[in-house]
Amino acid sequence: PRIVILISGSGSNMVAIADAIKSGSMEAEIAAVICNRPEAAGLQKARDRDLPASVLDHKEFSSREDFDRALMAEIDEHAPDLVVLAGFMRILTPDFVAHYHGRMLNIHPSLLPKYQGLHTHQRALDDGENEHGVTVHFVTEELDGGPNVIQAVVPVYDGDDAASLQARVQIQEHIIYPIAVKWFVEGRLTMAGNTARLDGNVI
Ligand code: GRF
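Because the structure is a prediction, the values reported are computed rather than measured. (Residues numbered from 1 in each chain as written. Predicted model: local features only at pLDDT ≥ 70, side-chain atom pairs only at ≥ 80, totals over all residues.)

What follows is about the site of the ligand. Near the ligand, the surroundings consist of 15 residues, among which Ser10, Ser12, Asn13, Gly87 and Pro109 are the closest. Taken together, the elements giving at least two residues each to the shell around the ligand come down to helix 1 (12–22), strand 5 (104–108) and helix 6 (162–185). In terms of residue class, the shell around the ligand is built from five nonpolar, nine polar and one charged. (Near = placed C-beta within 6 Å. Helix = DSSP H or I, 4+ residues; strand = E, 2+ residues; numbered from the N terminus. Nonpolar A, V, L, I, M, F, W, Y, C, P; charged D, E, K, R; others polar.)

Written as C-alpha cells, this is what we have:
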C-alpha cells in the first residue's frame, strides 16, 4: 500500500511511521511527504531518511480552495491508498475531505471528543484534568470530529506545564500512529458511514 504523509512542522510522527515501515513491522511505501511550510524542520528529517519530500506553500495560493485543489492534485499523482495527516496544521475544505473519505487519518493531541482545536495541553491543565492523551481518528467534515481509531491516555502530574505534558503525550503519539497505519494498510481498519471498524468490529 502507498501512503502520502502531510506535515507542517517537526515531523516526528512522520518519522515514527517511516521507522515502523523500515523496521519491517508493516508493508507499506511512503510515496510522498508534502509540507505546506518551506521552513518546517520535518522536511530535513524526511530528506535524511530518503523520503520523497516536497513543499506546497499555502501562502502562494489566494484561497483555501485553490490550495486544496493543488494539494489534491499533487497527492493524487502518487495514487495513495492512505493519506496521513501528521501535524498538518491546515483546515481542509469539504471537497478535499470528501475526496479522501475513509482513507485519511489524523492525530490530535487530546482524548477526543474532549479538546478539539488548538492549545489542547494548556486547556487540559487549566481544567485541572488528571488525565490527558492523544487520538488517531478518521478525518470527516467535522474538524477533529471523525470516528476514533485508537487513543492513548497519560497522567497529568502536579507541576506539569504545557511543554511537559506535550512531551509525555508525544511519546504515545509515536506509538499509536504507526499502529493505526499498520491496521489500515493491512486492510483491518475501515470506515463506513461515521463508524470505524477494526476486523469488522465497531471501535
Ligand atoms: C502532534 O502533537 C500532533 O498531535 C498534532 O501536531 C503535532 C505534530 O507533531 N496534530 P509532529 O510534526 O509529528 O512532530
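Having seen it, we continue.
Sheet architecture is open: seven strands sit in the order 3-2-1-4-5-6-7, paired in mixed fashion. This sheet does not close on itself; its edge strands, each paired only once, are strand 3 (53–55) and strand 7 (148–155). The sheet shows a mean angle of 20° between the axes of neighbouring strands, taken without regard to direction. Bridging between strand 2 (residues 29–35) and strand 3 involves three bridges; their strand directions are parallel. Paired with valine 33 across the strands is alanine 53, a residue of strand 3. Relative to strand 6 (residues 131–138), helix 6 is tilted by about 25°, and along the sheet it contacts strand 1 (2–7), strand 4 (82–85), strand 5, strand 6 and strand 7. (Pairing = 2+ DSSP bridges. Axes fitted to C-alpha atoms, helices over the stretch in contact; angles between N-to-C directions. Contact = placed C-beta atoms within 7 Å.)

Turning to the UniProt feature "active site" (unreviewed entry) in the protein chain, a few remarks are in order. In the numbering adopted here, UniProt assigns the feature "active site" (unreviewed entry) to His108. When neighbours within four sequence positions are excluded, histidine 108 is seen to be in contact with Thr135, His137 and Asp144. (UniProt positions renumbered as here; feature names shortened; annotations may be inferred.)

Our next topic: the environment of aspartate 199. Within the secondary structure layout, aspartate 199 lies in the loop between strand 9 (195–198) and strand 10 (201–202). Distance from aspartate 199 to glycine 187, taken between C-alpha atoms, is 8.3 Å for residues twelve residues apart in sequence.

This part takes up helix 1. Where helix 1 is concerned, the buried positions are Asn13, Met14, Ile17 and Ala18. The buried residues of helix 1 occupy an angular sector of 140° when projected down its axis, which confines them to one face. The inward-facing, buried residues of helix 1 abut strand 1, strand 2, helix 2 (41–48), strand 4, strand 5 and helix 6. Just past helix 1, the residue glycine 24 takes up positive phi, approximately 85°. (Buried ≥ 20, exposed ≤ 12 C-beta atoms within 10 Å, placed from the backbone. Arc of directions from axis to C-beta.)

Assignment of secondary structure puts glycine 145 in the loop between strand 6 and strand 7. Between the C-alpha atoms of glycine 145 and proline 38, which are 107 residues apart in sequence, the distance is 28 Å. Sequence-distant contacts of glycine 145, that is, excluding residues within four places in its chain, are made with Gln116 and Thr140.

Our focus in this paragraph is the UniProt feature "site: Raises pKa of active site His" (unreviewed entry) in the protein chain. The feature "site: Raises pKa of active site His" (unreviewed entry), as given by UniProt, occupies Asp144 in the numbering adopted here. Positionally, aspartate 144 belongs in the loop between strand 6 and strand 7. The partly exposed category is assigned to aspartate 144, around which 18 C-beta atoms lie within 10 Å. Apart from the residues within four sequence positions on either side, aspartate 144 is in contact with His108, Leu112, Gln116 and Gly117.

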